[in-house]
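These are the residues of each chain, in order.
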Amino acid sequence: ADKEANDGIDEKNIPKNILFMGTIPHEELFELYKRTSILLRVPEHDGLPVMMLEAQGIGRTVIHNIGFPYVVTPKDRTNISLYDAFQEIVSLPPKLDVEAKRYVEETFSPDKIIMLYRSVGVIG
């Protein structure tokens, strides 16, 4: 069965500064990004998540279990590795990740995506 977005119902001992939002409308997602400094995305299987690109595109730090440019990647999906990744980030003052933002803007611009689609024959 497909699993809905995590609403935290089954989670235990959640720190007070972690909120589970479940499924929210897309327009509310950008407001949420603006109020956060870290996106944690640790799925069992994943491709190239738009959510990660959106967060990076506005300079947010991303923790993702699959390596990607400008992403903090824990060594595995264990709580200890995730904790270590968080510690690495929060040990420094919060800042916009301007390099990640620039990478997403340059690599995933609409013009670049259209050129990619043309190069592989998806569009003419």
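Residues numbered from 1 in each chain as written. Predicted model: local features only at pLDDT ≥ 70, side-chain atom pairs only at ≥ 80, totals over all residues. Heavy atoms only, no water.

1. So, the overall build of the chain
Note the following rule: Secondary structure counts use DSSP, requiring at least four H or I residues in a row for a helix and at least two E residues in a row for a strand, with both numbered from the N terminus. Relative accessible area decides the class of each residue, using a 1.4 Å probe on protein chains only: under 20% of the type maximum gives buried, over 50% gives exposed, and in between gives partly exposed. The contact definition used throughout considers only heavy atoms, calling two residues in contact when any of these lie within 4.5 Å. Each accessible area is a Shrake-Rupley estimate made with a 1.4 Å probe; only the visible protein chains count as cover when residues are assessed. The sign given to each residue is positive for Lys and Arg and negative for Asp and Glu; His and the chain ends receive no count. A charged residue contributes its charge at one atom only: NZ of Lys, CZ of Arg, CG of Asp or CD of Glu.
The helix and strand inventory of the chain stands at five helices and two strands. Taken across its 124 residues, the chain has 26% of its residues classed as buried. Partitioning the intrachain contacts of the chain with sequence separation of at least 6 by distance along the chain shows that 38% fall at a separation of at least 24. For the chain, the exposed surface amounts to about 9,200 Å²; the carbon and sulfur share of it is 57%. Taken as two groups, the 14 positive and 19 negative side-chain charges of the chain have centres that lie 4 Å from each other.

2. Quick notes on the layout of surface pockets
Empty space among the atoms becomes visible once a probe the size of a water molecule is rolled across them. The line we're drawing: Cavities and pockets are found on a 1 Å grid laid over the protein atoms alone: a cavity is a set of points where a 1.4 Å probe fits but cannot escape, a pocket is an open set with protein on both sides within 12 Å along at least five of seven lines, and a lining residue has an atom within 4 Å of such a point. Grid points are joined across faces, edges and corners, and a volume is the space filled by probe spheres set on the points. Put simply, Ala, Val, Leu, Ile, Met, Phe, Trp, Tyr, Cys and Pro go in the nonpolar bin, Asp, Glu, Lys and Arg in the charged bin, and everything else, Gly too, in the polar bin.
In this structure, the second largest pocket encloses a volume near 370 Å³. Ranked by residues supplied to the lining of the second largest pocket, first place goes to helix H3 (residues 79-90) with three residues. Split by residue class, the lining of the second largest pocket holds nine nonpolar, four polar and four charged.

3. A few points about the pattern of salt bridges
Going by this rule: When a carboxyl oxygen of Asp or Glu lies within 4 Å of a side-chain nitrogen of Lys or Arg, that pair is called a salt bridge.
Tallied over the full model, the rule gives three salt bridges. Residues Glu-31 and Lys-34 are paired through a salt bridge, measuring 3.5 Å at the closest nitrogen-oxygen approach. With a gap of three residues between them, Glu-31 and Lys-34 both fall in helix H1 (residues 26-35), about one helical turn apart. In this structure, the salt-bridge partner of Arg-41 is Asp-46, at a minimum N-O distance of 2.7 Å.

4. Considerations on the side chain of Thr-61
Position of Thr-61 relative to the elements: it lies in strand E2 (residues 61-64). Take Thr-61: its relative accessible area is 15%, and that puts it in the buried class. Beyond its immediate stretch of four places on either side in the chain, Thr-61 contacts Ser-37, Ile-38, Leu-39, Val-72 and Ile-89.

5. Let's talk about the nonpolar core
Definition in use: The definition of a nonpolar core used throughout is a set of buried Ala, Val, Leu, Ile, Met, Phe, Trp, Tyr and Cys residues joined through side-chain atoms within 4.5 Å.
Grouped together as the largest cluster of nonpolar side chains are 11 residues: Leu-29, Leu-32, Tyr-33, Leu-39, Met-52, Leu-53, Ala-55, Val-62, Phe-68, Val-71 and Val-104. Mapped by element, the contributors of at least two residues to this core are H1 and helix H2 (50-57). Non-local contacts of Val-104, meaning those with residues more than four positions away in its chain, are made with Leu-53, Gln-56, Gly-57 and Ser-109. Formed by five residues, the second largest nonpolar core is a distinct cluster that contains Ile-63, Leu-82, Ala-85 and Ile-89.

6. Considerations on the confidence of the model for the chain
For clarity, the threshold we go by: Confidence scores per residue from the predictor, reported as pLDDT, run from 0 to 100.
Averaged over the chain, the pLDDT score is 87; the fraction of residues at 70 or greater is 94%. Put simply, H1 is where the chain has its lowest mean pLDDT, 86, and E2 is where it has its highest, 96.

7. Quick notes on a nonpolar patch on the surface
Filter applied, for reference: Patches draw on residues past 30% relative accessible area with no salt bridge. Two like charges within 9 Å are joined, as are two nonpolar side chains (Val, Leu, Ile, Met, Phe, Trp, Tyr) within 5 Å.
Taken together, the side chains of Ile-114, Leu-116, Tyr-117, Val-120, Val-122 and Ile-123 make up a nonpolar region of the molecular surface, amounting to roughly 520 Å² of accessible area. Structurally, Ile-123 can be placed in the segment after helix H5 (110-119). By relative accessible area, Ile-123 is classed as partly exposed at 33%.

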